[in-house]
Amino acid sequence: MKKTRIYATILSLVALVTIGLAGCNKSSQSGSNQQASFKNQTTKKSDVKSTITKTKQLWYVAGGVNAKSNSGLEAYRFNKNGKATVYNVDKFYKTYNAAKKAKALNKAGSLKATFTTKGNKTVINFKGKLSGIPMTQKFTVKKTLTGTNKSTGLKVAGYHIDRDVDEDVTNAVLVKINN
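Here we summarise the structure given alongside this text. Predicted model only: the values in this text are computed from it and were never measured.

What follows concerns the pattern of salt bridges. Going through the model one piece at a time under the given rule, you end up with 2 salt bridges. Residue R163 is joined to E74 by a salt bridge in which the shortest nitrogen-to-oxygen separation is 2.5 Å. With R163 in strand β7 (residues 154-165) and E74 in strand β2 (residues 73-78), the pair connects residues that are 89 residues apart, well separated along the chain.

Structure follows, in structure tokens:
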């Protein structure tokens with residue numbers, strides 16, 4: 001009975017994420033029109049870890065820069081020790097403090113993040129509990145991107161990623177606000 005509940009909960013979580021990402025369209029810019037400061041930090045794949053862990057900002061995971069989702073977004077806040085706190089948020093916020101002030105940070109859990117770079121490929125592996133359920137996932141960083149979220153008017157910068165949750169791989173973006 002307990003195993004059935006756990007499997008049902010995990011499948012429900014995966015289904016929600018998949019449905020949310022499936023309804024998203026990809027509309028972002030990439031390449032040469034990146035802001036210089038971000039481009040300098042992220043042109044080398046080995047810089048992914050330092051770029052992500054140096055900031056106290058939220059890193060948003062969505063199907064695209066202008067993805068529409070009825071269930072909100074996931075926001076990750078990394079620390080230098082390899083821990084990522086995961087929140088559910090309703091939209092992009094300019095700063096962590098702005099999201100906190102709006103009482104929009106619904107903590108989903110904490111994950112241990114490990115970064116592996118081999119050649120031109122950076123992979124971020126996560127392990128821990130979300131909503132009390134053990135889980136693992138993997139982000140494979142593909143290329144950098146910049147864009148503007150139309151609903152908030154905020155400029156974002158980050159990465160195109162392949163997100164692997166229980167061997168279900170989806171295209172997504174991992175971005176931070178770059179205003």
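In the structure shown here, the tally under the stated rule is 9 aromatic pairs. Ring centres of Y76 and F78 lie 6.2 Å apart, and the angle between their planes is 20°; on these two criteria the pair is classed as stacked. One exposure class covers both Y76 and F78, and it is buried. Members of the aromatic cluster, each reached through a chain of ring pairs, are Y76, F78, F115, F126 and F139.

Right, let's get into the sheet that holds strand β8 (residues 168-177). Strand order in the closed barrel formed by 8 strands is β1-β2-β3-β4-β5-β6-β7-β8, with antiparallel pairing between adjacent strands. Taking the axes of each pair of neighbouring strands and ignoring which way they run, one obtains an average angle of 35° across the sheet. Pairing of strand β6 (residues 133-149) with β7 involves 12 bridges; the strand directions are antiparallel. Bridge pairing in β7 places K138 opposite D164.

Core analysis: the biggest nonpolar cluster contains 22 residues, and I52, Y76, F78, I124, F126, F139 and L174 have the highest contact counts within it. For this core, the element with the most residues is strand β4 (residues 106-118), which contributes 4 residues. Setting aside its immediate chain neighbours within four residues, F78 contacts I52, T53, T55, W59, K83, A84, A113, F115 and F126. A62, Y93, L145 and L154 belong to the second-largest nonpolar core, a separate cluster that totals 21 residues.

Here Q137 lies in strand β6. Among the polar contacts listed, one links the side chain of Q137 to the side chain of Y76, at a separation of 2.6 Å. With residues up to four places along the chain from it excluded, the contact list for Q137 reads Y76, L111, I124, N125, F126, R163, D164 and V165.

Another aspect to go through is the pairing of β6. Where strand β5 (residues 121-130) and β6 come together, 9 bridges link them in antiparallel fashion. If you follow V123 over to β6, its bridge partner there is T140. Hairpin connection between β6 and β7: a loop of 4 residues separates the two successive antiparallel strands, and G153 in this loop has a positive phi of roughly 75°.

The rules behind the values
Residues numbered from 1 in each chain as written. Predicted model: local features only at pLDDT ≥ 70, side-chain atom pairs only at ≥ 80, totals over all residues. Heavy atoms only, no water. Salt bridge = Lys/Arg side-chain N within 4 Å of Asp/Glu carboxyl O. Helix = DSSP H or I, 4+ residues; strand = E, 2+ residues; numbered from the N terminus. Phe/Tyr/Trp six-rings, centres within 6.5 Å; stacked < 30°, edge-to-face > 60°. Buried < 20%, exposed > 50% of the residue type's maximum accessible area, 1.4 Å probe, protein only. Pairing = 2+ DSSP bridges. Axes fitted to C-alpha atoms, helices over the stretch in contact; angles between N-to-C directions. Core = buried A, V, L, I, M, F, W, Y, C linked by side-chain atoms within 4.5 Å. Contact = heavy atoms within 4.5 Å. Polar contact = N/O pair within 3.5 Å; in protein donor to acceptor, adjacent residues only side chain to side chain.

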